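Read off the chains here:
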Amino acid sequence: MSKHYVIVGSGVAAVHAAKAIRDRDAESEITIYGEENHLPYNRIKLTKGLFSDLHSEKVLIKKEKWYRDNRITLHTSSRVTSIHPERQQIETADGKVTAYHKLLLCMGARNRALTVDGAGLRNVHTIRELGDADRLKDSLTSGQRVVVIGGGVQGLETAWALHEGGYPVTIVEAAPRLMARQLDEASSEKLRLILEQSGVQVKLHAGVTAITGEEAVSGVVLDDATSISCGHVVYSIGIVPNTDLVQETGIRTRAGVLVNSHLETSAPHIYAAGDIAELDGLVEGLWGGAIEQGKVAGGNMAAAEPAAYRRTVPVTLFNAFGISLFSIGNTDERQCDRTVAAEVDGVYTRIYVKDNRLTGAISWEGAAASLLYKSAVEQGVSLEGLDVENGSLEAIMAGVAARLEEIL
Ligand SMILES: Cc1cc2nc3c(=O)[nH]c(=O)nc-3n(C[C@H](O)[C@H](O)[C@H](O)COP(=O)(O)OP(=O)(O)OC[C@H]3O[C@@H](n4cnc5c(N)ncnc54)[C@H](O)[C@@H]3O)c2cc1C
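These numbers were taken from a predicted model, which means no experiment stands behind them.

### Quick word on the sheet that holds strand β6 (residues 97-99)
In step 1: Sheet architecture is open: three strands sit in the order β4-β5-β6, paired in antiparallel fashion. The open sheet has two free edges, formed respectively by β4 (80-84) and β6, since each of these has just one partner strand. In this sheet, neighbouring strand axes are inclined to one another by 25° on average, regardless of whether the strands run parallel or antiparallel.
In step 2: Two strands pair when backbone bridges link them, and β4 and strand β5 (residues 89-92) are joined in this way by four bridges, in the antiparallel orientation. Following the sheet pairing, S82 is matched in β5 by E91.

Here's what the structure looks like:
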């Protein structure tokens, strides 16, 4: 069989995998199948830049010429409908069967569906694809309130875009605080106050039990039996990896497609990367992780010596409501030995320490300051000899910066 690398899905993991393959194999055929009607684009812009021109070339991961120059065949609007590991073939919706010698699964994830009564009404939205963002923008009516369900990063970015666009917004979050996965209590509370001061309503500890309306949305009902009248609902309540395609193939799945550290699935010659992949019990669901996994999987498909994927340090940068904050690494208090926090001129920072190493940080210093903390977590800089118990945060971080300089 001649060498043919086939990639299912056309997100960021797929593009970086194709590049990694081409870097190692100049000759063989590479084909990407994507069901969306667009060249692969920067999905995270859908909320960060909701009202910008999302169809602009600037949103593309690579321009069309890059695929041509690298002899990567990209089929858009082309859904892969079945995989046959035993004969090393895939089939697309048009009935065409294609053989592969190595196959990469990059089907990503979809947004977890809202299952309450009324979730099927017109003007209930969720944003995963470019088409979703287009539909939301097309349907908005000036002056009508939008209820955003979910107070995580995507929900808050959506709320910010809508607020900036002039729409009244209410955020409904089931947890007791906003961005609970990334922020500590103090930061979440500070964030809530800023949102409310800017005119966005925030309902915490609140579940939506129903969406009301005749044909289109007219309101939502909360679990305390109060209701909010609104013209639109946008929900962002987690993701579900797109594993449907592999269900009949014998490839092992749990939440995602199970992979080992080389990003190989349980089937020979088949790899998985990005939001579809589950490694050591975790589906990362992050842009940076999808890029790295794509690179490693593509590299391993084409190289003689496989490399192991090393989980990247998770970084969340939040730039909205006039705030620029970041959360890096593990910021779960229960999993660290101690934390050190300080607020200088209204700028709050907290670091997390385990086994005398920095494992995480939250700071309102602005995105540019995140690099020091990220490098320190990545490099596992030792805090031995620094006065972590009584020293100021500023002195500890100065010591960390000096040690990093020696390492890098
Ligand atoms: C609105 C939004 C904002 C986000 N913001 C952030 C952020 O700030 N930071 C962060 O780290 N992460 C963020 N994420 C998550 C990040 O975008 C994902 O982790 C990343 O896109 C995953 O890339 P992927 O290539 O694995 O999958 P995806 O980007 O999901 O791409 C998979 C592609 O495969 C296609 N596909 C699926 N099944 C088939 C099939 N059978 N045949 C053909 N094609 C198929 C899908 O249509 C899709 O185009 C955000 C996500 C969204 C939706």
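Here the narrative resumes, following the displayed structure.
### With respect to the sheet that holds strand β11 (residues 169-172)
In step 1: Taken together, the five strands give an open sheet; going across it, the order is β9-β16-β10-β11-β12, and neighbouring strands pair in parallel fashion. Either end of the sheet is taken by a strand with one partner, and the two such strands are β9 (124-125) and β12 (201-203).
In step 2: Note: strand β10 (residues 146-149) against strand β16 (residues 232-235), four bridges, orientation parallel. For V147, the partnering residue across the bridge sits in β16 and is V233.
In step 3: Relative to β11, helix α5 (residues 153-164) is tilted by about 170°, and along the sheet it contacts β10, β11 and β16.

### Some remarks on the site of the ligand
In step 1: Taken together, 33 residues lie around the ligand, and E36, R43, K48, R128 and D275 are the ones closest in.
In step 2: In the model, an oxygen atom of the ligand is placed 3.3 Å from a nitrogen or oxygen of the L286 main chain.
In step 3: Burial of the ligand by the surrounding chains reaches 94%, relative to a free accessible area of 1000 Å².
In step 4: Those elements that provide at least two residues to the shell around the ligand are α1 (12-24), α2 (45-48) and α7 (287-302).

### Considerations on the domain arrangement of the protein
How big an interface is tends to be reported as the loss of accessible area on association of its parts.
In step 1: One can read the domain layout of the protein as domain 1 (4-110 + 240-302), domain 2 (124-235) and domain 3 (315-407).
In step 2: One C-alpha centre belongs to domain 1, the other to domain 3; they are set 34 Å apart.

Cut-offs used in this document
- Residues numbered from 1 in each chain as written.
- Predicted model: local features only at pLDDT ≥ 70, side-chain atom pairs only at ≥ 80, totals over all residues.
- Heavy atoms only, no water.
- Pairing = 2+ DSSP bridges.
- Helix = DSSP H or I, 4+ residues; strand = E, 2+ residues; numbered from the N terminus.
- Axes fitted to C-alpha atoms, helices over the stretch in contact; angles between N-to-C directions.
- Contact = heavy atoms within 4.5 Å.
- Near = heavy atom within 4 Å.
- Polar contact = N/O pair within 3.5 Å; in protein donor to acceptor, adjacent residues only side chain to side chain.
- Areas by Shrake-Rupley, 256 points an atom, 1.4 Å probe, with all protein chains shown as cover.
- Domains from an automatic or database assignment.

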